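# Close look at the chain arrangement
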Amino acid sequence: MDLRRSIFGLSILIFFVVSHVAANMLLNVQHKFAGQQKSLSAKKEHDSRRHRRMLYNIDLSLGGNGRADSTGLYYTELGIGTPSNTYYVQVDTGSDILWVNCAGCTSCPVKSDLGVDLQLYDPDVSSTAQRVTCDKEFCAVASGGTLPGCNTNLLCGYTVAYGDGSSTSGYYVNDVVQYNRVTGNLQTTPANASVIFGCGNKQSGDLGSSNGALDGILGFGQSNSSMISQLASSGTVKKKFSHCLGTANGGGIFAIGEVVQPKVKTTPLVQNQPHYNVNMQSVEVGGTVLQLPTDVFDTGSQKGTIIDSGTTLAYLAEAIYEPMMNAILAQHSNLTFQTQDQFSCFEYADSVDDGFPTVTFNFENSLALVVYPHDYLFQLTGNVWCIGWQDSGNQSRAARDLNLLGDLVLSNKLVVYDLENQTIGWTEYNCSSSIKMQNGQSGATFQVGSHTLSSAWSLEAGRFFTLLLLTVMLYNLIN
């Protein structure tokens, strides 16, 4: 296993809205670090920047709990407007709206270190664009009511400010988004749909930096302004989606709709939380339950457990991290540790799966998340291995009681988000294989597989892997 395993070659994502027409969708997704020799510290820095934003309760000014990510782990290509232009947006299950940089923007990035060509969306040159005014239903829903002083000439604006000092603001636009409609097993035809998204005309902080800059962010959170909520409110989709993040040798799947195979056991989502919070109940190391303080699993402000596919590693509350690490290393008192790339590393010549214990997180409804040694230990070079677990308290004192479970524990698992029933679940799975999904009206099922797609955009030669990604929207076909 080499360092690229920690990148988890995750392909994954996206969707989009089909108004009045049911469809399945397929889009390419690109991993930020794919094909690059990124250090472990680069992943840790990504997580650090992300968490500075996640750990603040920052709401969109027009309602809903939404906060954007910093440089995304993975991103997708969207065609927007008529005629269509290409935009690259990072994908995030931890934020709530889609927004792209717009014409007239202040401090928007003009170039990106990722090798993609950035451009500004201009609603004035799209024949299908309509600016959303504050008297429209979407604006009232997003803001929780009609805005004071609203009139038909006042645009429906949005503002998101972050704990690290960066921000984005602008107004909402309704325009068409281009995508590939799945018409059979691995078969697609071009299609488009009407979507309400943010037109960002002012960015600050990291959002204006060329370091990993993209054209915008695609949020997949729970608020009324999110795309999944827009789709569900129109009756075109069930409020359910899934992802399967593969390793560097695999691929990934992101699907909107109902997965019927494999079967997935679920646990309740914690209510009234901006992220996908769950109730952790115990931690086992090598089959032995750790004796932990009774309040370590409480959920509240800066406490509890978040399932977050946008985080690279796994961050554990101080009260869990120390006893867990002691138990993992109990049989290895002879190991000599050294700091490599900000990680704790050691030399080990034998099989880590044979020499180190599995870690199991147990959740409400008897749902377990098993993490193997080859997942939480990274081979740096030769016989040098580094520990992927992180102490939340070392990242931020405010976050010392928070557990953030990212791709270190989510890779090679199908994760299912059922927002209709407020549950989340997972099962171990080969993400380079296929899943079976069901049509909501006919009851028919079909397979959706991880599939390598030819790149539709121009990137610097050899700089990235071409990631695959199936995004499927399952809903009722209208004859």
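Everything in this summary refers to the structure shown in the same document.

### Looking at the state of the cysteines
Per the counting criterion, the structure on display carries six disulfides. Here Cys-345 engages in a disulfide with Cys-386; their sulfurs sit 2.0 Å apart. Between Cys-345 and Cys-386 the disulfide shows an S-S torsion of about 95°. By sign, it is right-handed. With Cys-345 in strand β21 (residues 343–347) and Cys-386 in strand β25 (residues 384–387), the pair connects residues that are 41 residues apart, well separated along the chain. The same class applies to Cys-345 as to Cys-386, namely buried. Within the protein chain, bonded cysteines paired by disulfides and numbered along the sequence follow the pattern 1-8, 2-3, 4-6, 5-7, 9-12, 10-11.

### Some details on the pairing of strand β10 (residues 216–219)
Burial of the side chains of β10 extends over both faces: Gly-216 and Leu-218 are buried on one face and Ile-217 and Gly-219 on the other. With four bridges joining them, strand β4 (residues 85–92) and β10 adopt parallel strand pairing. What sits directly across from Gln-90, in β10, is Ile-217. In the sheet, strand β5 (residues 98–106) pairs with β10 via three bridges, with the strands oriented antiparallel. Bridge pairing in β10 places Leu-98 opposite Leu-218.

### A few points about the side chain of Ser-126
By the element assignment, Ser-126 lies in the loop between β5 and β6 (130–131). Aside from chain neighbours lying at most four places away, what touches Ser-126 is Gly-81, Thr-82, Tyr-121 and Asp-175.

### Regarding the packing of aromatic side chains
Summed over the entire model, instances satisfying the criterion amount to 15 aromatic pairs. Relative to Tyr-172, the ring of Phe-138 has its centre 5.0 Å away and its plane inclined at 80°; by these criteria the two rings are edge-to-face. One end of the pair, Phe-138, is in helix α2 (residues 137–143); the other, Tyr-172, is in strand β8 (residues 167–184), with 34 residues separating them in the sequence. Overall, the relative accessible area of 1% leaves Tyr-172 in the buried class. Between Phe-337 and Phe-346, the aromatic rings sit 5.5 Å apart at their centres with planes inclined by 70°, giving edge-to-face as the arrangement. Using a relative accessible area of 34% as the deciding quantity, one classes Phe-337 as partly exposed. Looking at Phe-346, the relative accessible area reads 0%, which means it is buried.

### Structural notes on the sheet that holds β25
The four strands lie next to each other as β20-β21-β25-β24, forming an open sheet whose pairing is antiparallel. Each having just a single partner strand, β20 (338–340) and β24 (377–381) make up the two edges of the open sheet. Averaged over all pairs of adjacent strands, the angle between their axes in this sheet comes to 45°, without regard to strand direction. Relative to β25, β24 runs antiparallel, the two sharing four bridges.

### Thoughts on the sheet that holds strand β27 (residues 402–405)
Sheets are built from strands paired through backbone hydrogen bonds, the pairs being either parallel or antiparallel. A sheet is described by the order of its strands in space; here five strands give the open sequence β15-β18-β27-β19-β26, paired in mixed fashion. The sheet is open, and its two edges are formed by β15 (277–278) and β26 (389–391), each paired on a single side. Bridging between strand β18 (residues 304–307) and β27 involves four bridges; their strand directions are parallel. Bridge pairing in β27 places Gly-304 opposite Leu-402. Contacting β19 (314–316), β26 and β27, helix α4 (residues 318–328) crosses the sheet at an angle of about 140° to β26.

Basis of the calculations
Residues numbered from 1 in each chain as written. Predicted model: local features only at pLDDT ≥ 70, side-chain atom pairs only at ≥ 80, totals over all residues. Heavy atoms only, no water. Disulfide = S-S within 2.5 Å. Helix = DSSP H or I, 4+ residues; strand = E, 2+ residues; numbered from the N terminus. Buried < 20%, exposed > 50% of the residue type's maximum accessible area, 1.4 Å probe, protein only. Pairing = 2+ DSSP bridges. Contact = heavy atoms within 4.5 Å. Phe/Tyr/Trp six-rings, centres within 6.5 Å; stacked < 30°, edge-to-face > 60°. Axes fitted to C-alpha atoms, helices over the stretch in contact; angles between N-to-C directions.

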